[in-house]
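Here's the letter readout for the chains.
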2 protein chains.
Amino acid sequence: MTEFNFNIPTKKDISEAEKRIRGSIVETPVITCDAANDRVEAELFFKCENLQKAGSFKSRGACNNILSLSPEDLKRGVCTHSSGNHAAALARAAFLSKTKAYIVMPDKADKTKVALARKYGAEIFSCDSTLAARETMLEQVKKETGAIEIHPYNNLQTITGQATACKELLKQCNNSLDIVIAPVGGGGLLSGTALSAHYFGENVRVIGAEPEMADDATRSFYAGQLIPSENPQTMADGLRTSLGSYTFPIILNYVYEIFTVSEESIAYAMRFVFDNMKIVIEPSSAVTLAAIFENFSVFAKKKVGVILSGGNIGYGRLYNIFEAFKNGYC
Amino acid sequence: MTEFNFNIPTKKDISEAEKRIRGSIVETPVITCDAANDRVEAELFFKCENLQKAGSFKSRGACNNILSLSPEDLKRGVCTHSSGNHAAALARAAFLSKTKAYIVMPDKADKTKVALARKYGAEIFSCDSTLAARETMLEQVKKETGAIEIHPYNNLQTITGQATACKELLKQCNNSLDIVIAPVGGGGLLSGTALSAHYFGENVRVIGAEPEMADDATRSFYAGQLIPSENPQTMADGLRTSLGSYTFPIILNYVYEIFTVSEESIAYAMRFVFDNMKIVIEPSSAVTLAAIFENFSVFAKKKVGVILSGGNIGYGRLYNIFEAFKNGYC
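The paragraphs below set out a description of the structure included in this document. (Residues numbered from 1 in each chain as written. Chains lettered and ligands numbered in written order. Predicted model: local features only at pLDDT ≥ 70, side-chain atom pairs only at ≥ 80, totals over all residues. Heavy atoms only, no water.)

### Focus: the packing of helix H1 (residues 11–21) of chain A against helix H9 (residues 188–200) of chain A
All names here are of chain A. Using the following cut-off: Here an axis means a line fitted to C-alpha atoms, over the contact stretch when the element is a helix, while the angle between two N-to-C directions is reported on a 0 to 180 degree scale. Numbering of helices and strands runs from the N terminus; a helix is a DSSP stretch of H or I covering at least four residues, while a strand is a stretch of E covering at least two. Each angle receives one of four descriptions, namely roughly parallel if under 35 degrees, roughly antiparallel if over 145, roughly perpendicular if within 65 to 115, and oblique otherwise. By definition, residues are in contact when any of their heavy atoms lie within 4.5 Å. Nonpolar residues are Ala, Val, Leu, Ile, Met, Phe, Trp, Tyr, Cys and Pro. Charged residues are Asp, Glu, Lys and Arg, and all others, Gly as well, are polar.
Axis separation between H1 and H9 bottoms out at 10 Å; the angle between their running directions is 110°. Classified by the interaxial angle, the pair formed by H1 and H9 is roughly perpendicular. Here Lys11, Ile14 and Ser15 of H1 come into contact with H9, specifically with Leu195, Ser196, Tyr199 and Phe200. When the residues that make up the contact of H1 with H9 are grouped by side-chain class, the tally is four nonpolar, two polar and one charged.

Okay, structure coming up:
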């Protein structure tokens, strides 16, 4: 076993997080799709975190953090920077715990996500899209409000919360999965997934998927060192962030491989899900199925858990993406 | 108890149908939505038959019919007329049982639904939209092929199959529901729902919902006699049919009331589901939530099962409906 320079979440931590957040999130359904199975000659089990409260798995990590705060810390409020889903999830979790959320969001953030965070009562601070601008603005917000920062991915309570999705999925599939595939942006979901597969699964391979246009996880994974992306432009707005100092070592040790997918593949997979599964997923969610379609020999004959991470996209953007990539769709 | 001039499906019939179709359909998830609950101050439990095989509850009735046929009858193939969902469901059920499906569809049928029926290998016969044209064409198909007709709703095996959705829903909600609401077109789903609520529920009120623009069920229900619609134009293409000689008496006896909803309400409810629940429903599915929004005092403080009947709609039509009715949406 590799040594980490921090205490990675334990099996017990994840089980406790699951109990802690039980009343604040839902056990999302796992659904199957004959059309997808037929196409890749595998058995796919889709974990519908797009149907999670606040529309994504981010509610797990956000609730796990807020429900772990002391009453004194809760009074201070919470803050973060986020492109959207963590913002909405943290805003909701803060609302449930009767505390205040201050959230820095890039001015190019998906409008649906900004509206959702605002709906749950968060105070929004808009800034440029770069990581530097987000971090500078967040420091200012922290100084002015005294709020506790809840990082969207590079935070052990966040990782532990996100890990509960894979734990649930394994149980819902009677622990019969050969592979679990999850998207990777900052790596909170993928690192948590890998830990749960390690602790609760039986020889489950964990695979990551990310856009070619934001391939820092793949480059970092194969180089063995953190190589952040610089201002990536993929339509998968939830995956533009780069791995962090906690998520990267866990991924390096517990993830089997990472695939990158084209923007076209992301659009096709999103539409495949819309057409055949009657659920709405955002581009960041579609990288997993896109990776399966692009690499089907890896998945053929296997039982594969596919984490659909979120569904926060407006109908206008959905339509525009489907129209832009409609040629060649089948 | 009223006397019927036919044998209505019994409790045992429905339980047997549930077992018969178990391997051919899925137990669809029941999901909740805080935004909907908050709006109507009720607890809503959405039975997601839009996530059913072939995209609607119609797979239940179609499979129940085909799995009840003798080997001799199976060899003859099956036929029907349908605006879409029954067509796709029957085509799929025939495919699973290795028999042939011949399907008469109106030329104005939703393209997504025609494509789905064709995908499952059905032979499609196109005709005018009127009931007369559909029936004439079907007679011709029956004569030429010798296929067995499987009526989309006015057929006791169909009704019994559709009844299994409500039976499942009641069980999934630990038999705690006060009300179950279902859409009504030809009445297969509503009559089956009412029978299951009667047999398996505990004082569950069953309510129907239909478009104002196809309000034959409401008019028939309150007049106490069948009054068919003539060529109704509602966007809810699955609800343009009128009640039949089997479905109407069951509805008259076992349904508590029926609400009609405007086209605008249908569009708003569809979009509410898209925005807040991240699932795709077709207009016919949205009449139930539309009726709840329009009559919330009836549902307030109650536990309400809401059957979302189907999700077969293309993204282009979805977008057009949302755009056409976007003013005033909130």
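### With respect to the interface of chain A and chain B
Note the cut-off: Buried area is calculated as the accessible area (1.4 Å probe) missing from two parts once they are joined, with the contributions of both summed. By definition, a salt bridge exists where a carboxyl oxygen of Asp or Glu is found within 4 Å of a side-chain nitrogen of Lys or Arg.
Contact residues are listed per partner, giving 31 residues for chain A and 31 residues for chain B. Counting the surface lost from both chain A and chain B, the interface buries some 2,200 Å², and carbon and sulfur atoms represent 62% of this. Contact with chain B buries surface across chain A, with Phe274, Lys278 and Tyr315 of chain A losing the most and accounting together for 36% of the total. The interface formed by chain A and chain B holds four salt bridges in total. Lys53 of chain A is paired through a salt bridge with Asp34 of chain B; the nearest N and O atoms lie 3.2 Å apart. Of all elements in the fold, only helix H2 (34–40), helix H12 (263–277) and helix H15 (315–324) of chain A reach the threshold of two or more residues within the side of chain A that touches chain B. It is H15 of chain A that provides the largest number of residues to the side of chain A that touches chain B, a total of six residues.

### What about the pattern of salt bridges?
Going by this rule: For every residue, the accessible area (1.4 Å probe, protein chains only) is compared with the maximum for its type, and the residue is labelled buried under 20%, exposed over 50%, or partly exposed between those bounds.
With the rule as written, the count across this model stands at 42 salt bridges over all chains. Between Lys142 of chain A and Glu149 of chain A there is a salt bridge, with its nearest N and O atoms 2.8 Å apart. Two residues, Lys47 of chain B and Glu168 of chain B, come together in a salt bridge whose shortest N-O distance is 2.6 Å. Of this pair, Lys47 of chain B sits in strand S2 (residues 43–48) while Glu168 of chain B is found in helix H8 (residues 156–172), placing the two residues 121 residues apart along the sequence. Here Lys47 of chain B and Glu168 of chain B have matching classes, each one buried. Connected through shared salt-bridge partners, Asp110, Lys113, Asp237, Glu282 and Arg317 of chain A make up one network.

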